[in-house]
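Analysis of the macromolecular model
Residue-level listing of the chains:
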Protein chains: 2
Amino acid sequence: MAPLGVALAGLGTVGAGVFALLRDRAETLAERAGRPIRVVAVSARDRTRDRGLDLDGVAWFDDAAEMARDADADIFVELIGGEDGIAKAACEAALDAGRDVVTANKALLARHGTRLARLAEETGRTLGFEAAVAGGIPIVKALREGLAANRISAIYGILNGTCNYILTQMRETGRPFDEVLADAQALGYAEADPAFDIDGIDAAHKLAILTALGFGTEIDFDGVHVEGIRHVSADDIVFAEELGYRIKLLGIARRTAHGIEQRVHPCMIPQAAPLARVEGVFNAVVAEGDSVGTTVFEGRGAGAGPTASAVVADIVDLARGLRLPVFAAPAAGLAPAGTAAMERHAGPYYLRLVVVDRPGVIADVAAALRDEQISMESMIQRGRAPGEAVPVVLTTHETEEAAMTRALARIETLGSVVQAPRMIRIESLVS
Amino acid sequence: MAPLGVALAGLGTVGAGVFALLRDRAETLAERAGRPIRVVAVSARDRTRDRGLDLDGVAWFDDAAEMARDADADIFVELIGGEDGIAKAACEAALDAGRDVVTANKALLARHGTRLARLAEETGRTLGFEAAVAGGIPIVKALREGLAANRISAIYGILNGTCNYILTQMRETGRPFDEVLADAQALGYAEADPAFDIDGIDAAHKLAILTALGFGTEIDFDGVHVEGIRHVSADDIVFAEELGYRIKLLGIARRTAHGIEQRVHPCMIPQAAPLARVEGVFNAVVAEGDSVGTTVFEGRGAGAGPTASAVVADIVDLARGLRLPVFAAPAAGLAPAGTAAMERHAGPYYLRLVVVDRPGVIADVAAALRDEQISMESMIQRGRAPGEAVPVVLTTHETEEAAMTRALARIETLGSVVQAPRMIRIESLVS
């Protein structure tokens, strides 16, 4: 069979990893794909940079969109990144030119996934994005194919390795967020500008993609409720342990009576939950289906090796002729997202207050909760320091987010409450 | 597109589950498969039994092989079971007749998988078997497609839910094997004749299949070293906890200098290992690849729902036209198994002896180990009871199985050793 020609845009660590893997594993991959796979064209910013790759006989393009349009290739692989600009233009050009696309670009898909899926369908092509979610873990394939017989009720998981590393380190060392973040940056586990990871945007991109895939809906990134981990304190971590929980940044998509919830925020989860012991830079995704029950997929969520592994798996699928609807169901048939409003979320809550230690404070807080019909589950006030500021921790039974928001606004106005109250949602993770 | 016709052999709980799923989820499945999927023929032992299924318009065959040959179907689904007999004859007949086969039959594949793969290839068909390993967990798809870019160095996991349930119960209740097994039988978690599960055969079938798939070799079920869990005592479980381990029945396939090890036996694994907290009837499989690193797949390993989920996923793949080599690489290209001899296995060991409590006994045991160059790591002798039988537990540093076998033979002959020594292999599970 004729070789499959690949045009590769982006030669950073992942792009170079894909190039090397296709070269070093050529024989095995040809056997698995039923035909040889060849990189026929590449594009990157700087032609002169030595990447340790032998580009002899490979066409060079300075412009990725031009390569997507003009290269003599079957597949266009986009490893440039960015939600707009050249990455988007090049993917569109490739689909327009009748080429399949493989991308690791979660931002692009979270913003433009539905439209790209439609474009792919119109041109009879497809778009592979295994590498865009949870690195090397084949969760896209699992949801699109392996669990195809299931009605999915929930998908959730640890989708950002940087946050998980920071939270793990905070727990293990007892050190505060800022110090641990600085260390993570020094070690290369966090970017110089860490906002994208620690504010939850990256996890939200991935969650929006998983939601579309698992529930057969259009992508609704703007509907994802997003909170990052900046406000998780060393105190919260200690209290969580004491209460039998562990704090994780989760992305959660779940069918509810009000629509599909999509939310990314720090969660307190039971220490016995499978996700609780997923530590450090690892990712894990749980999918709950009506036939299969609960399934868990775990592995490295980032890095050149895992990401290249996923990109090449997509390329091999395309070489075999596997051409599936981008989000499992035909793009025209994707249901509107119908994302549930966050105010309708219901669950138990953890609250941490800093209050002046004097009689009546807890009574005032309790009254604020009572007036919103919120039932307290536990209260911890450690130590005594009359007249000084002390932390008080409360947990509640299940309540609606809107009621909690109103109660927190009132609590904040109490004279004895000296800091904005901190709230972390408790997730039992029991389906 | 024309509907895909399915001939379904076996209407037990799984077969009935598949039938119901294809009927109840028809619209979604048609959308995902790009064409309707219809059960056009069924076969089972007893036509008169009421299974709660509406078989109107579905052809009935008393003989599965006849159905495989003659039914007007594209796919033959084998849910009869058994490594020979009608299941095998019917699968062969279906492939001969140019039909694809989907099966949940691990025994059949472990015994005849290589030959069936060759037959499928000769007739231009394929054989799907996602349901044969780890129930609803899409591990076959992950190894064949999702991790296709990787050179796999090891695959291991908890492959038998019955054994895992029994070991979990023994640990949680402190009760002995026989009692827990009887309970498991009463609850339906173990068969009336439990040998197949508790002696490790079922796990060995699955391991042999995973090995072929992950390493691109012919199936070598006879090469799998198999030990079950009958000899795991309540004492072993207590000592394991004390030593920081948990006892699990694992199936392990690993590349070594002597070939690919394939072994199923009780293991002591670190309590911090991901597999240690996979409890009850759950299964979990770990795959280690050179690009992706360590990946873990977890879910229900048995039951009508999970198994039907996997069978239907295979059917949807075939409906889409996905037709891959049975064991990822073309059958003609599968390497000989080259299974490593168990005597060449190297690792640390746990030994439990029952000895007469008198001076010099440990010295005799230590000498037997020393003479085989086996280095002791720890020794526990609880309590004192001079002149009576007491348990003594030893752990060793890494040593070769052959040396351990010789040392155990000598220890058994010592006058103060009053029972056959028990040995459990320690697995660090660090790659």
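None of the values given here were measured: they were computed from a predicted structure. (Residues numbered from 1 in each chain as written. Chains lettered and ligands numbered in written order. Predicted model: local features only at pLDDT ≥ 70, side-chain atom pairs only at ≥ 80, totals over all residues. Heavy atoms only, no water.)

**Let's talk about the packing of helix H5 (residues 106-122) of chain B against helix H10 (residues 201-215) of chain B**
Residues and elements named next belong to chain B. Selection rule: Angles run from 0 to 180 degrees between N-to-C directions of axes, and those axes are lines fitted to C-alpha atoms, restricted for helices to the stretch in contact. Labels follow the DSSP assignment, with helices taken as runs of H or I lasting at least four residues and strands as runs of E lasting at least two, numbered in each case from the N terminus. Note on terminology: angles under 35 degrees are roughly parallel, angles over 145 are roughly antiparallel, angles of 65 to 115 are roughly perpendicular, and the others are oblique. In this scheme the handedness of a crossing depends on how the near helix is turned from the far one: anticlockwise by less than a right angle means left-handed, clockwise means right-handed. Contacts between residues were defined by any pair of non-hydrogen atoms, one from each residue, lying within 4.5 Å. Residues are grouped as follows: Ala, Val, Leu, Ile, Met, Phe, Trp, Tyr, Cys and Pro are nonpolar; Asp, Glu, Lys and Arg are charged; every other residue, Gly included, is polar.
Relative orientation of the contacting elements H5 and H10 amounts to 55°, with a least axis distance of 9 Å. Put simply, H5 runs oblique to H10. In terms of crossing hand, the pair formed by H5 and H10 is left-handed. Between H5, through Lys 106, Ala 107, Leu 109 and Ala 110, and H10, the contact on the second element is made entirely by Asp 202, His 205, Lys 206 and Ile 209. Partitioning the contact of H5 with H10 into residue classes produces four nonpolar, one polar and three charged.

**Structural notes on the packing of aromatic side chains**
Going by this rule: Two rings from Phe, Tyr or Trp (for Trp, the six-membered ring) form a pair when their centres are within 6.5 Å of each other. A pair whose planes differ by under 30 degrees is stacked, one over 60 is edge-to-face, and the rest are tilted. Throughout, exposure labels follow a simple rule: accessible area from a 1.4 Å probe, protein chains only, divided by the maximum for the residue type, with under 20% read as buried, over 50% as exposed, and the rest as partly exposed.
Counted according to the given criterion, the structure contains five aromatic pairs over all chains. Centroid distance Phe 129 of chain A to Phe 327 of chain A: 5.4 Å. Interplanar angle 50°. Geometry classified as tilted. Residue Phe 129 of chain A is located in the loop between strand E6 (127-128) and helix H6 (139-146), and its partner Phe 327 of chain A is located in the loop between helix H12 (304-319) and strand E13 (346-347); the two are separated by 198 residues in the primary sequence. The exposure classification of Phe 129 of chain A matches that of Phe 327 of chain A, with both residues buried. Arranged with centres 6.0 Å apart and planes meeting at 90°, the rings of Phe 297 of chain A and Phe 297 of chain B form a pair that is edge-to-face.

**Things to note about the interface of chain B and chain A**
Note the threshold: The term buried area means the drop in 1.4 Å probe accessible area that two parts suffer when joined, counted for both and summed. Whenever Lys or Arg places a side-chain nitrogen within 4 Å of a carboxyl oxygen from Asp or Glu, that contact is recorded as a salt bridge. Throughout this description, a polar contact denotes any pair of N or O atoms lying within 3.5 Å of each other; where both atoms belong to protein, one of them has to be capable of donating a hydrogen while the other can accept it, and for residues adjacent in sequence the pair is counted only when both atoms sit in side chains. By the convention used here, strands pair only if DSSP detects at least 2 bridges between them.
With 44 residues of chain B in contact, the opposing surface of chain A contributes 45 residues. A combined buried area of about 3800 Å² lies between chain B and chain A, and 55% of that area is made up of carbon and sulfur atoms. Of all residues in chain B, Arg 32, Ala 149 and Arg 320 of chain B give up the largest surface area on contact with chain A, accounting jointly for 16% of the area buried on that side. Counting the contacts that link chain B with chain A gives four salt bridges. Applying the counting criterion to the chain B and chain A interface returns 12 residue pairs in polar contact (both at pLDDT 80 or more). Put simply, the parts of the chain that give the side of chain B that touches chain A at least two residues each are helix H2 (26-33), helix H6 (139-146), strand E12 (293-300) and helix H12 (304-319) of chain B. With seven residues, E12 of chain B is the largest single contributor of residues to the side of chain B that touches chain A. Taken together, the residues of the side of chain B that touches chain A sort by class into 22 nonpolar, nine polar and 13 charged. Where strand E12 (residues 293-300) of chain A meets E12 of chain B, three bridges bridge the pair, whose relative direction is antiparallel. Within the sheet, the bridge partner assigned to Val 296 of chain A lies in E12 of chain B and is Glu 298 of chain B.

**Side note on the sheet that holds strand E4 (residues 75-78) of chain B**
Remark on secondary structure: sheet strands pair via backbone hydrogen bonds, oriented parallel or antiparallel. All names here are of chain B. With parallel pairing, six strands are arranged side by side in an open sheet as E3-E2-E1-E4-E5-E6. Edge positions in the sheet fall to strand E3 (59-61) and strand E6 (127-128), since each of these pairs with one other strand and no more. Bridge count for strand E5 (residues 100-103) against E6 is two bridges, and the pairing is parallel. When the bridges of E6 are listed, Val 101 appears paired with Leu 127.

**Comments concerning helix H4 (residues 85-96) of chain B**
All names here are of chain B. Applied cut-off: By definition here, a helix of n residues has an expected span of 1.5 Å times n minus one.
Taking 1.5 Å per residue as the helical rise, H4 with its 12 residues ought to reach 16 Å, and the 17 Å between its terminal C-alpha atoms agrees with that figure. Turning to H4, its buried residues number three or more, namely Ala 87, Lys 88, Ala 90, Cys 91, Glu 92, Ala 93, Ala 94 and Leu 95. Gly 98 sits one or two positions beyond H4 and adopts a positive phi of about 80°.

**Focus: the sheet that holds strand E3 (residues 59-61) of chain A**
Residues and elements named next belong to chain A. If you trace the six strands from one edge of the open sheet to the other, you get E3-E2-E1-E4-E5-E6, paired in parallel fashion. Edge positions in the sheet fall to E3 and E6, since each has one partner strand and no second. Two strands pair when backbone bridges link them, and strand E1 (residues 4-9) and strand E2 (residues 37-43) are joined in this way by six bridges, in the parallel orientation. Considered in E2, the bridge of Leu 4 is made with Ile 37. Helix H1 (residues 13-24) contacts E1 and E2 of the sheet and is inclined by roughly 150° relative to E2.

**Things to note about the relation of the copies chain B and chain A**
We apply this condition: We superpose the copies by least squares over the C-alpha atoms of residues that have a pLDDT of at least 70 in both of them.
For the pair chain B and chain A, the best superposition has an RMSD of 0.0 Å and corresponds to a rotation of 180° with a translation of 0.0 Å parallel to the axis. Both chain copies can therefore be described as sitting about a two-fold axis. Looking at the rotation axis and the C-alpha trace of chain B, the residue lying nearest is Phe 297 of chain B, at 2.4 Å. An overlap of 100% is found between the interface residues of chain B and their copies at the interface of chain A, pointing to a shared contact surface.

**Focus on the environment of His 345 of chain B**
Residue and element names in this part refer to chain B. Relative to the elements of secondary structure, His 345 occurs in the loop between H12 and strand E13 (346-347). The class of His 345 is buried, set by a relative accessible area of 3%. Considered as a pair, His 345 and His 258 are 87 residues apart in the sequence and their alpha carbons are 8.6 Å apart.

**Quick look at the pattern of salt bridges**
Residue and element names in this part refer to chain A. With the rule as written, the count across this model stands at 69 salt bridges over all chains. Put simply, Lys 206 and Asp 202 hold a salt bridge, and the shortest N to O gap is 2.7 Å. On the criterion of helical spacing, the pair formed by Lys 206 and Asp 202 is a turn pair, its members being four residues apart in helix H10 (residues 201-215). The burial state of Lys 206 is the same as that of Asp 202; both residues are buried. Where Glu 400 meets Arg 344, a salt bridge forms, and the shortest distance between an N and an O atom there is 3.3 Å. With Glu 400 in strand E17 (residues 399-400) and Arg 344 in the loop between H12 and E13, this residue pair connects regions lying 56 residues apart in the sequence.

**Let's talk about the pairing of E1 of chain A**
Residues and elements named next belong to chain A. For E1, a buried count of six out of six residues is recorded, marking the element as mostly surrounded by other parts of the structure. Burial along E1 is two-sided: the residues Leu 4, Val 6 and Leu 8 and Gly 5, Ala 7 and Ala 9 are all buried. Bridge count between E1 and strand E4 (residues 75-78): four bridges; the pairing is parallel. Bridged to Val 6 within E4 is Ile 75.

**Here we look at the confidence of the model for chain A**
Parts of the prediction with low pLDDT should not have their coordinates interpreted in detail. So the rule is basically this: pLDDT: the predictor's confidence for each residue, scored from 0 to 100.
Model confidence for chain A is summarised by a mean pLDDT of 95, while 100% of its residues fall at 70 or above. Two numbers describe this predicted complex: its pTM, 0.96, and its ipTM, 0.94.

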